[in-house]
Amino acid sequence: MSALERRLHLLLDQDRHDRLVAEAERTGRSVNAVIRAAIDEHFDEQRDQVRRAAAARLLLASAAAPGSEPAETWEQMLAAQDADLQDSLRP
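Definitions and limits used
Residues numbered from 1 in each chain as written. Predicted model: local features only at pLDDT ≥ 70, side-chain atom pairs only at ≥ 80, totals over all residues. Heavy atoms only, no water. Helix = DSSP H or I, 4+ residues; strand = E, 2+ residues; numbered from the N terminus. Buried < 20%, exposed > 50% of the residue type's maximum accessible area, 1.4 Å probe, protein only. Contact = heavy atoms within 4.5 Å. Areas by Shrake-Rupley, 256 points an atom, 1.4 Å probe, with all protein chains shown as cover. Axes fitted to C-alpha atoms, helices over the stretch in contact; angles between N-to-C directions. Parallel < 35°, antiparallel > 145°, perpendicular 65-115°, else oblique. Nonpolar A, V, L, I, M, F, W, Y, C, P; charged D, E, K, R; others polar. Patch = residues over 30% accessible without salt bridge, like charges linked within 9 Å, V, L, I, M, F, W, Y side chains within 5 Å. Salt bridge = Lys/Arg side-chain N within 4 Å of Asp/Glu carboxyl O. pLDDT = per-residue confidence, 0-100.

When helices and strands are counted, the chain shows three helices and zero strands. Sequence-ordered secondary structure for the chain, helices as α and strands as β, is α-α-α. Put simply, the chain has 91 residues, and 10% of those count as buried. Across the chain, contacts joining residues at least 24 apart in sequence account for 35% of those joining residues at least 6 apart. As presented, the chain carries roughly 7800 Å² of accessible surface, and 55% of it is formed by carbon and sulfur atoms.

Looking at the element boundaries, Val50 is found in helix H2 (residues 31–61). In the structure, Val50 is positioned 38 residues away from Ser88 in sequence and 9.4 Å away in space, judged by C-alpha atoms.

Further remarks concern the packing of helix H1 (residues 14–27) against H2. Relative orientation of the contacting elements H1 and H2 amounts to 100°, with a least axis distance of 8 Å. On the basis of their axis angle, the class for H1 and H2 is roughly perpendicular. Residues Leu20, Val21, Glu23, Ala24 and Thr27 of H1 touch H2, and the partners they reach there are Val31, Val34 and Ile35. Looking at the contact of H1 with H2 residue by residue, the class counts come to six nonpolar, one polar and one charged.

On the surface, Leu8, Leu10 and Leu12 cluster together to form a nonpolar patch covering roughly 300 Å² of accessible area. Relative to the helices and strands, Leu12 resides in the segment before H1. With relative accessibility at 36%, the residue Leu12 sits in the partly exposed group.

The subject of this paragraph is the confidence of the model for the chain. Summarising the model, the chain shows a mean pLDDT of 83, and 86% of its residues fall at 70 or more. Taken element by element, the predicted model of the chain shows its lowest mean pLDDT in helix H3 (residues 74–89) (82) and its highest in H1 (96).

What follows covers the pattern of salt bridges. As enumerated under the stated definition, the model contains six salt bridges in all. Between Arg26 and Glu23 there is a salt bridge, and its shortest N-O distance comes to 2.8 Å. One end of the pair is Arg26 and the other is Glu23, both in helix H1 and three residues apart, which spans about a single turn. Given a relative accessible area of 62%, Arg26 falls into the exposed group.

With that settled, the discussion passes to the side chain of Gln81. Structurally, Gln81 can be placed in helix H3. What Gln81 contacts, discounting residues up to four positions off in sequence, is Arg51, Arg52, Ala54, Ala55 and Leu58.

Shown next, in the form of structure tokens:
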């Protein structure tokens, strides 16, 4: 069975449709492929925003007193953030 197994009926105004068709022609893809790529890009951006917010929270939570050594290295903080993000994305 194909990975594409869900059908979606989508109504667009003429301007959006024209932009989709133009992008499809410009890139040599189908309109459907352009829409799928746009969806993927949008949700990747949302994950990036979640990741940045988690990193900010981690940095704020682990802020040390001025002049002292940080509790973790940058790499350790990134690894912890990645682990937290993966945990938050699990169903």
